[in-house]
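An overview of the molecular structure
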Amino acid sequence: MTIHHLNCGSVRQIEATYDGPAPAHAVNHCLLVETASDGLVLIETGIGLDDVRDPAGTLGADWVAMAQPILSEDETAIRHVERLGYEPADVRHIILTHLDVDHCGGLPDFPHAQVHVLAAELAAAQAEAPSFRYRSAHWAHDPNWVAYPSEPTGKWFGFNAIQPKDLPDDFQLIPLGGHTAGHTGVAVRHGDSWLLHCGDAYYYHRELDPAPQPHPVLDVVQTGSEVHHDLRLGTQARLRELHRDHGDEVTLISAHDPWEFQRAS
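Let me begin by describing the structure that accompanies this report. (Residues numbered from 1 in each chain as written. Predicted model: local features only at pLDDT ≥ 70, side-chain atom pairs only at ≥ 80, totals over all residues. Heavy atoms only, no water.)

Here we look at the nonpolar core
Counting 27 residues, the largest nonpolar core has L42, V91, I94, L99, F110 and W145 as the members making the most contacts within it. Elements with a minimum of two residues in this core: strand 4 (29-34), strand 5 (40-43), helix 3 (77-83), strand 6 (91-95), strand 7 (114-118) and helix 5 (119-128). When sequence neighbours within four positions are dropped, the list of residues in contact with W145 reads L99, L107, V115, V117, L122, Q126 and W139. Residues V33, L118, V146 and L173 belong to the second largest nonpolar core, which totals 17 residues. (Core = buried A, V, L, I, M, F, W, Y, C linked by side-chain atoms within 4.5 Å. Buried < 20%, exposed > 50% of the residue type's maximum accessible area, 1.4 Å probe, protein only. Helix = DSSP H or I, 4+ residues; strand = E, 2+ residues; numbered from the N terminus. Contact = heavy atoms within 4.5 Å.)

Structure (structure tokens):
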């Protein structure tokens, strides 16, 4: 498999909390996985074409004012896919960590894909939309949802794991609670190692340090959007342990850290 790291939606510029990295726009870190037999698998969609063209209508004016997105069509997942020489229909599977606006805005650009998500997340989004975090415009085209109950089908480095339908065991859903009602990480095997997309389970790479250091701006966002504070902190503690004990086997990435994205890509 080949894994491409894509920024599908730059938002407000932030500074690092230590000397070295230059200020950078926070990103929407997506993955595009080329498989031998299952087509393209897109993990997260970021901001889509409709969001760029009508941000207030699809993303919501309040979210736009808070996030300050760049709104570049060139950054949308569909344009990344096309630049790699593929058609939108080649994206056969989309796996979402959750349904916040900046994670699923590109769904309408891939209407034929199976969309994998935890059932608790889909239920919360459909019940609460339209809201600051969930916008029904992103699924008005009636996606081909594949929703999973929270019961695990196996284990992955001590975490509960769920096998996605119609995909090999190189892909695993790893529920990482606290940020939303049905938030999940997505693990992808790459050769002899794994890549774990943690979504919004953490926002800043220094939160994985033994003495975690949240980012002063990003932490305002993550604490303001959490649905369960203690569960979120417990998830982060387990991710720190994973990073400490299995960092040679598993690479962790989050959705919005620009310096983490620069290292990965």
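So, next bit.
Considerations on helix 5
For helix 5, the full list of buried residues reads E121, L122, A124 and A125. Viewed end-on, helix 5 has its buried residues packed into an arc of 165°, placing them on one side of the element. The elements touched by buried residues of helix 5 are strand 7 and strand 8 (144-148). (Arc of directions from axis to C-beta.)

Some thoughts on the sheet that holds strand 8
Reading across the sheet, the six strands line up as 1-4-5-6-7-8 and stay open at both edges, with mixed pairing between neighbours. The sheet is open, and its two borders are formed by strand 1 (2-7) and strand 8, each paired with just one other strand. On average, each strand axis in the sheet is tilted by 20° relative to the strand beside it, whichever way the strands run. In this structure, strand 5 lies alongside strand 6, joined through four bridges in parallel fashion. When the sheet's bridge partners are listed, I43 is paired in strand 6 with I95. The sheet contacts of helix 5 involve strand 7 and strand 8, and relative to strand 7 the element is tilted by about 95°. (Pairing = 2+ DSSP bridges. Axes fitted to C-alpha atoms, helices over the stretch in contact; angles between N-to-C directions.)

As for the pairing of strand 5
Residues of strand 5 alternate between two faces, with L40 and L42 on one and V41 and I43 on the opposite face, all of them buried. In the sheet, strand 4 pairs with strand 5 via four bridges, with the strands oriented antiparallel. Counted as the bridge partner of L31 is I43 from strand 5. Where strand 4 hands over to strand 5, the hairpin turn is made up of five residues, of which G39 adopts a positive phi near 70°.

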